[in-house]
Amino acid sequence: MPFSDWLLVGTLLALGGSWNVIRADGGSERNCSAIPPYLPSTVVNTTLRLQALREAMSSVNVSAYIIPGTDAHLSEYIAPRDARMAFMTGFTGSAGTAVVTLNKAVLWTDSRYWVQAERQMDCNWELEKDVSISSIADWLIREVSDTDNIGFDPFLFSIQTYESYSYNLVPAKLMLKSIPDNLVDRVWTDRPLIPPDNLIRLPDRVVGRTWQKKVEHIRIQMTDNPYKPTAVLLSALDETAWLFNLRGNDIPYNPFFYSYTLLTLNEIWLFVHKDRVTEDLKLYLNSTCFPLAHCVQLLEYEQVRVMLKDYMTTSGVKVWIGTEYTNYALYELITPEKLLTSAYSPVLTTKAVKDETEQRILRDAHVRDAVAVIQLLMWLEKVVPEGKETEMTAAYYVNECRSKQKDSRGPSFETISASGPNAALAHYSPSNATSRKLTVDEMYLVDSGGQYLDGTTDITRTVHWGIPTDMQKVQVALWGVNMEMLGRRALWEVGLNYGHGTGHGVGNYFEWRPLFHEQVVSLPEPGYYKENDFGIRIEDVVVIVPAHTKYGHNYLTFETVSLVPYDRKLIDTSLMSPQQLQWLDNYYLTIRELMGAELDRQGLTEEKTWMLKHTVPFQRASVPHSTSPAISQSFSPFISSHSHRIFYG
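The structure displayed is predicted, hence computed values, not measured ones. (Residues numbered from 1 in each chain as written. Predicted model: local features only at pLDDT ≥ 70, side-chain atom pairs only at ≥ 80, totals over all residues. Heavy atoms only, no water.)

**Examining the overall build of the protein**
Helix and strand content of the protein: 19 helices and 30 strands. Every one of the 649 residues in the protein was classed for burial, and the buried ones make up 57%. For the protein, the exposed surface amounts to about 26,300 Å²; the carbon and sulfur share of it is 54%. (Helix = DSSP H or I, 4+ residues; strand = E, 2+ residues; numbered from the N terminus. Buried < 20%, exposed > 50% of the residue type's maximum accessible area, 1.4 Å probe, protein only. Areas by Shrake-Rupley, 256 points an atom, 1.4 Å probe, with all protein chains shown as cover.)

Pasting the structure below:
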């Protein structure tokens, strides 16, 4: 439908008319070329929102406005109040960028979300099947004249994002206009509030290092740095939460709270909503004794720019930032001669490596979490043939199972419970409008995780309760997965691929992914998705440990801490090497030992019987368990899997 026609339709709606024609036989995706346009019930009407935003744009003299799908801390998971892209477009995927001009509105997103976007956006919006900044910039160059301004919120731009836009736009004489007062917030009249809950501290039994020891460790790194920084600025939410052993619930599924920290060699400033810090926490943080080195001075969250700007007026200062998670609104305040950058802050690199206490409690959390996943899979195996259960009831069931485990603090992300064609959407989660009934004739994928005081879990299993097709078995061919390239190699060899990352960091909540000894990561998670048919993914959490090799050397390998067996129906042993079978049998022996003891402790006899049935060795004479399952995750066979960021810690 031409834009002018669609604008007329939107105008009629604004006047009280109706345009949202829904037909039962029209399918699940919009059809904007039809007259009248077909819109499924899952779309959101954005006409009035766009009208209000364009009025706000005109008031600050911008002809285009960029709306990223992130928050001021460049988080992967964001709070409802920060879902500005979703509010404006109706699209709720976790990755994308929206751009609004005075007469057009466009969303850019990657292949995981193309179908979802067509289901959720109305015909005010065009979809660009790309995510690159160069693609967005090329579009802006075509649509915006060199006399117009392109507005953006600097709090929602990373340093690299700003530089990439500038690099692509400056040759066309287009300039970005920084507008710290977000324009979407101006028109979002019912924007969700910040949760009123107070912050909490972790109990001592799950804390390996006190916050004072962590602070001293970071200060040692500052003094040892040859560039002699005088301060470290922490912007990622998990940095401050980890540093002070504090938790909150501002972000769904993640125990974070809105915060920044400015740490110097002799002072500490914590920027937070002060009304949520109890008197006990003030005592815990020594917040009344400043300006001593171990006294945390509490300032309001919104004061960070004012305080940083003031600090920069002091002679001889140099601020160390991690460029991956520092927004442009703070970066632009630091003059080059007073700036020290690294990709990640010293806090992120320090917390990525787990001490003995953190590794022990992490393993404990995964044992308890595996109980919940085993309960889900056992239950589904019994009830799915009855034809009554759905994607939503399965998601609810596993969340309930986890809630009964010790130290549970809820899911670590929205459960991906997907059957048949819905499983072809990598990050699909069921709703009342989309939930399908589970049947023995279709593949089922469940990607779920839990937050516990002692760790975060994230595990994916794909199962089939009937007879999988030969094609499905081929796609689930067990790969010797080790890194991104090897994770994709089996698909590349037959001309296939998947549109998401292969793994991510894991900790006491989702974190970043570079690999170190004693780091915890989610690896591997390759996958295969056949649109409108099925999806396959397998994901496990591993700890990076030394590899015991014949001639020594400093090699590292992976030790799997997820403890749930794979679906035997989807494992074709004829496709596996002897080393892969050896790894799998050793892994199953580990599950039997650790989960058998835990299921006995919890009195779950039926679950133990199910677990033993599904971990029978594949080889006639199983290899002695003295051969560690950690010996070479590079031989680890996985059915298939996807990606996002975990914080353990």
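That shown, we press on.
**Brief notes about the sheet that holds strand β11 (residues 268-272)**
Ordered in space as β12-β11-β10-β8-β13-β14, the six strands form an open sheet in which the pairing is mixed. A single partner strand is all that each edge strand has here, and the edge strands are β12 (296-300) and β14 (339-342). Shown here is a sheet whose adjacent strand axes are inclined to one another by a mean of 20°, direction ignored. Two elements, strand β8 (residues 231-234) and strand β13 (residues 319-322), share two bridges in a ladder whose sense is parallel. (Pairing = 2+ DSSP bridges. Axes fitted to C-alpha atoms, helices over the stretch in contact; angles between N-to-C directions.)

**Here's the deal with the nonpolar core**
Trp211, Phe244, Tyr260, Phe271, Leu285, Val296 and Val319 are the most contacted members of the largest nonpolar core, which totals 57 residues. Excluding residues within four positions of it along the chain, Leu285 makes contact with Trp211, Phe244, Leu246, Leu270, His294, Cys295, Val296 and Leu298. The next biggest cluster of nonpolar side chains, apart from the first, holds 37 residues, and it includes Val367, Tyr587, Met595 and Leu604. (Core = buried A, V, L, I, M, F, W, Y, C linked by side-chain atoms within 4.5 Å. Contact = heavy atoms within 4.5 Å.)

**Let's talk about helix α18 (residues 578-601)**
Between its first and last C-alpha, α18 extends 35 Å over 24 residues, near the 34 Å set by a 1.5 Å rise per residue. Along α18, the sharpest change in direction is near 25° and occurs at Met595. Positive phi appears at Gly603, one or two residues downstream of α18, with a value of about 70°. (Expected span 1.5 Å × (residues − 1). Bend = angle between axes of the 7 residues up to and from the residue.)

**Considering the packing of helix α8 (residues 211-224) against helix α9 (residues 237-244)**
Two numbers describe how α8 lies on α9: the axes approach to 7 Å, and their chain directions differ by 120°. Classed by the angle they form, the pair α8 and α9 counts as oblique. Contacts between α8 and α9 involve Trp211, Lys214, Val215 and Ile218 from the former and Trp242, Leu243 and Phe244 from the latter. (Parallel < 35°, antiparallel > 145°, perpendicular 65-115°, else oblique.)

**Here we look at the sheet that holds strand β17 (residues 443-448)**
With antiparallel pairing, the three strands of this open sheet are ordered in space as β16-β17-β20. Looking at the sheet topology across the chains shown, the edges are occupied by β16 (416-419) and β20 (459-464). Neighbour-to-neighbour, the strand axes of the sheet open up by a mean angle of 10°, direction not taken into account. Bridging between β17 and β20 involves six bridges; their strand directions are antiparallel. Bridge pairing links Ser448 to Ile459 in β20.

**Digging into the pairing of strand β26 (residues 534-537)**
Side chains Phe534 and Ile536 project from β26 onto one buried face, and the interleaved Gly535 and Arg537 project onto a second face that is buried too. Pairing analysis gives four bridges linking strand β25 (residues 527-530) to β26, with the strands arranged antiparallel. Its bridge partner being in β26, Tyr528 is matched across the sheet by Ile536. Hairpin connection, β25 to β26: the antiparallel pair is bridged by three residues, and Asn532 has positive phi, about 65°.

**Some details on unusual backbone geometry**
With an omega of -5°, the peptide bond running from Ile35 to Pro36 counts as cis. Its place among the elements puts Pro36 in the loop between α1 (3-14) and α2 (47-59). Unlike most non-glycine residues, Leu74 shows phi in positive territory, near 55°. Tracing the backbone shows Leu74 in the loop between β1 (64-68) and α3 (84-89). For Leu74, a relative accessible area of 13% translates into the label buried. The phi dihedral of Asn286 falls on the positive side, at around 55°, and the residue is not glycine. Judged by its relative accessible area of 27%, Asn286 falls in the partly exposed class.

**Remarks on the packing of aromatic side chains**
Summed over all chains, the structure comprises 21 aromatic pairs. Their ring planes at 15° and their centres at 4.7 Å tell us that Phe87 and Trp188 sit as a pair that is stacked. Of this pair, Phe87 sits in helix α3 while Trp188 sits in the loop between α7 (183-187) and β7 (200-201), and the two are 101 residues apart along the sequence. Between Tyr587 and Tyr588 the ring centres are 6.0 Å apart and the planes differ by 40°, which places this aromatic pair in the tilted class. Grouping residues by exposure puts Tyr587 and Tyr588 together as buried. Each member of the aromatic cluster is reached from another via a ring pair, and the members are Phe152, Phe157, Tyr162, Tyr165, Tyr328 and Tyr331. Between Lys214 and the ring centre of Trp242, over which it is positioned, the NZ or CZ distance is 4.2 Å. Positioned above the aromatic ring of Phe618 is the side chain of Arg568, whose terminal nitrogen or guanidinium carbon lies 4.0 Å from the ring centre. (Phe/Tyr/Trp six-rings, centres within 6.5 Å; stacked < 30°, edge-to-face > 60°. Lys NZ or Arg CZ within 6 Å of the ring centre and 35° of its normal.)

**As for the side chain of Asn422**
Within the secondary structure, Asn422 sits in the loop between β16 and β17. For Asn422, a relative accessible area of 5% translates into the label buried. Among the polar contacts listed, one links the side chain of Asn422 to the side chain of Tyr428, at a separation of 3.1 Å. (Polar contact = N/O pair within 3.5 Å; in protein donor to acceptor, adjacent residues only side chain to side chain.)

**Some points on the pattern of salt bridges**
Overall, the coordinates contain 28 salt bridges when judged by the stated rule. Ionic pairing is found between Arg537 and Asp447, a salt bridge with its closest N-O pair at 3.1 Å. Here the residue Arg537 occupies a position in strand β26, and Asp447 occupies one in strand β17, the gap between them amounting to 90 residues. Residue class for Arg537 comes out buried when judged on its relative accessible area of 0%. (Salt bridge = Lys/Arg side-chain N within 4 Å of Asp/Glu carboxyl O.)

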